[in-house]
Amino acid sequence: DVVRGGWQPRLGCPAGGARARTRNGKGRGGAGRDRKSFRRESRTDGIAKVALLDMGGDLFHWERVWTLKFSAWIALGILGARALANRATAERLEAYRAKRGIKVSVDKLQEEIWLVACGAVLSALSGCLLAYGPTFARCNLFDTSECYSGFSSSDVPQEIALYYLTEVGWYLSLILKSLAGVGRGDSFVMEFHHVITLALVIWSYVTGFTQAIGVLTFFIFNQSNPLLHFSKLANYAEMTRARCILFILFAAVFFVSRVVILPAVVIRSTLFEMPLAVTPEEWSGAVVYTWYTTNALLLALWALNVWWLRPIVRVIARNVSGVDQGRPQDDTVTRDCKPSEPAAAAKGYKKKN
């Protein structure tokens, strides 16, 4: 049986193929042995089994919560940058709006431009981390067999910690933007989505055991966001053909990434591979709690994505059929809205006096 404080071969050596050493280079019988520095890696059904460090059965580390203060500063920085961007673009967007005869307000245009830019940056960051990060050689869309290998609740790779703190700051800014007066408020469902995502991110960060699979989850979620807001920007500009193409592209990426890949790759891994990555003692003592919490939050997010398919299909139908006759409908994905006047007339609606 794998016991707490076991052995782990050096990285790059097959399990059992190299003599294990402590961090100070001494062998099992060497002086000054540090029990917390020992780990052992074996394999069960292709899944790396990792004995966590000697942590007394505690997976939740309150001291890591204190580091989330950096996320608060990141959120404040994002909100400050948003305020400066709003001030710098207000006059130009107002002139562009008057020239093109765009009916929506400037703050709506600023909202979508900001979300397109930030969504593209976060998508690129998560993609680069997966492509070039040393942790993700065998933790990606095609192979999740080592998403839990080499991790312990006390060690967080620096690149993953920085990325997590950035994402926490981003979601805090989304929740606080309307309160700070620099952005528009979202619907209740969207705010609920932000809260669930933030809870999942913080839980993954403070437990420290699901961070590799967490970055993979971020990558899956980040791909469709810029396309959605780009299509809404085209919608506000009344660019009928462009918004139709962009929204159909968004819907395809949304369906493949969030409805198909999320359960097929991430939820499958957290449900079935995570229990195999620890010993029975560690599972019953600590890991079982993060298993229940992580999967509950992931399934809640997946259910929201499935629920959003209906309004997405409705928007596609309106764009393809031309029922709105090129007039923009605001917040069609996050909120239900009244039909436009031409569409209402076609369906027999009458305006109330």
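Residues numbered from 1 in each chain as written. Predicted model: local features only at pLDDT ≥ 70, side-chain atom pairs only at ≥ 80, totals over all residues. Heavy atoms only, no water.

### Considerations on the nonpolar core
Taken as a class, soluble globular proteins show a tendency for nonpolar side chains to be buried jointly. If you look at the biggest cluster of nonpolar residues, it comprises 48 residues, and the most contacted ones within it are Phe136, Trp170 and Val215. Within the residue set of this core, elements represented by two or more residues are helix 3 (106-132), helix 4 (158-180), helix 5 (188-207), helix 6 (211-222), helix 8 (240-273) and helix 9 (280-307). Here the element with the most residues in this core is helix 4; it accounts for nine residues. Not counting residues up to four positions away in its chain, the partners in contact with Trp170 are Ile78, Trp114, Leu115, Cys118 and Leu122. With 12 residues, the next largest nonpolar core counts Leu227, Phe247, Phe250 and Val259 among its residues. (Core = buried A, V, L, I, M, F, W, Y, C linked by side-chain atoms within 4.5 Å. Buried < 20%, exposed > 50% of the residue type's maximum accessible area, 1.4 Å probe, protein only. Helix = DSSP H or I, 4+ residues; strand = E, 2+ residues; numbered from the N terminus. Contact = heavy atoms within 4.5 Å.)

### What about the side chain of Gln110?
Relative to the elements of secondary structure, Gln110 occurs in helix 3. Residues in contact with Gln110, not counting those within four places in the same chain, are Arg82, Asn86, Thr89, Ala90 and Leu93.

### What about the side chain of Asn86?
Mapping Asn86 onto the fold places it in helix 2 (residues 69-100). Polar contacts involving the side chain of Asn86 include one to the main-chain carbonyl oxygen of Val182, which spans 3.1 Å. Setting aside anything within four residues of it in sequence, one finds Asn86 in contact with Gln110 and Val182. (Polar contact = N/O pair within 3.5 Å; in protein donor to acceptor, adjacent residues only side chain to side chain.)

### Some words on the state of the cysteines
Within this structure, the stated rule accounts for one disulfide. Covalently, Cys139 is tied to Cys147 through a disulfide, its sulfur atoms 2.0 Å apart. Its S-S torsion of approximately 95° makes the covalent link between Cys139 and Cys147 right-handed. The two residues Cys139 and Cys147 agree in class, both being buried. (Disulfide = S-S within 2.5 Å.)

### Description of the packing of helix 2 against helix 3
Two elements in contact, helix 2 and helix 3, have axes whose closest approach is 9 Å; the angle formed by their N-to-C orientations is 125°. When the interaxial angle is binned, helix 2 and helix 3 end up oblique. Our pair here, helix 2 against helix 3, has a crossing hand that is right-handed. Along the contact surface, helix 2 presents Ile78, Ala81, Arg82, Ala85, Asn86, Thr89, Ala90, Leu93, Glu94 and Arg97, while helix 3 presents Val106, Leu109, Gln110, Glu111, Ile113 and Trp114. (Axes fitted to C-alpha atoms, helices over the stretch in contact; angles between N-to-C directions. Parallel < 35°, antiparallel > 145°, perpendicular 65-115°, else oblique. Left-handed = near helix turned anticlockwise from the far one by under 90°.)

### A closer look at the packing of aromatic side chains
Given two aromatic rings, one states the distance between the centres and the angle between the planes to describe the pair. Applying the stated criterion across every chain, the model contains eight aromatic pairs. Where Phe188 meets Phe192, the ring centres are 6.5 Å apart and the plane angle is 20°; that geometry is what we call stacked. Remark: Phe192 and Phe188 occur in helix 5; sequence separation between them is four residues, near one turn of the helix. The exposed category is assigned to Phe188, whose relative accessible area is 69%. Under the relative-accessibility criterion, Phe192 is labelled partly exposed at 37%. Ring geometry for Trp283 and Trp291: centres 5.7 Å apart, planes at 70°, overall edge-to-face. On the basis of relative accessibility, which here comes to 18%, the residue Trp291 falls in the buried class. Each member of the aromatic cluster is reached from another via a ring pair, and the members are Tyr163, Tyr164, Tyr205 and Phe218. The positively charged end of Arg64 is found above the aromatic ring belonging to Tyr205, 5.8 Å away from the centroid. (Phe/Tyr/Trp six-rings, centres within 6.5 Å; stacked < 30°, edge-to-face > 60°. Lys NZ or Arg CZ within 6 Å of the ring centre and 35° of its normal.)

### Here's the deal with the packing of helix 3 against helix 7 (residues 225-236)
Relative orientation of the contacting elements helix 3 and helix 7 amounts to 155°, with a least axis distance of 8 Å. Here helix 3 is positioned roughly antiparallel relative to helix 7, judged by the angle of their axes. For the crossing formed where helix 3 meets helix 7, the hand is left-handed. Here Lys108, Leu109, Glu112, Ile113, Leu115, Val116, Gly119 and Ala120 of helix 3 lie close against helix 7, whose contacting residues are Pro226, His229, Phe230, Lys232, Leu233 and Tyr236. Of the residues assigned to the contact of helix 3 with helix 7, the class counts are nine nonpolar, two polar and three charged. (Nonpolar A, V, L, I, M, F, W, Y, C, P; charged D, E, K, R; others polar.)

### Observations concerning helix 7
Residues that lie three or four places apart on an α-helix share one face, since the helix turns once every 3.6 residues. Between the first and last C-alpha of helix 7 there are 17 Å, a value that for 12 residues agrees with the 16 Å anticipated at 1.5 Å per step. For helix 7, a buried count of 10 out of 12 residues is recorded, marking the element as mostly surrounded by other parts of the structure. Among the residues of helix 7, Pro226, Leu227, Leu228, His229, Ser231, Lys232, Leu233, Ala234, Asn235 and Tyr236 are the ones counted as buried. In this fold, the buried residues of helix 7 make contact with helix 3, helix 6 and helix 8. (Expected span 1.5 Å × (residues − 1).)

### A word on the pattern of salt bridges
Using the criterion set out here, one finds 10 salt bridges in the structure. Linking Glu238 and Lys103 is a salt bridge whose minimum nitrogen-to-oxygen distance equals 3.5 Å. Of this pair, Glu238 sits in the loop between helix 7 and helix 8 while Lys103 sits in the loop between helix 2 and helix 3; the two residues are 135 residues apart in sequence, bridging distant segments of the chain. (Salt bridge = Lys/Arg side-chain N within 4 Å of Asp/Glu carboxyl O.)

### Re a nonpolar patch on the surface
Nonpolar side chains collect at one region of the surface, where Phe255, Val256 and Val260 lie side by side and expose about 240 Å² of accessible area between them. Within the secondary structure layout, Val260 lies in helix 8. (Patch = residues over 30% accessible without salt bridge, like charges linked within 9 Å, V, L, I, M, F, W, Y side chains within 5 Å. Areas by Shrake-Rupley, 256 points an atom, 1.4 Å probe, with all protein chains shown as cover.)

### Details of the environment of Lys108
Mapped onto the fold, Lys108 is located in helix 3. Taking the C-alpha atoms as reference points, Lys108 and Arg184, separated by 76 residues in sequence, lie 7.5 Å from one another.

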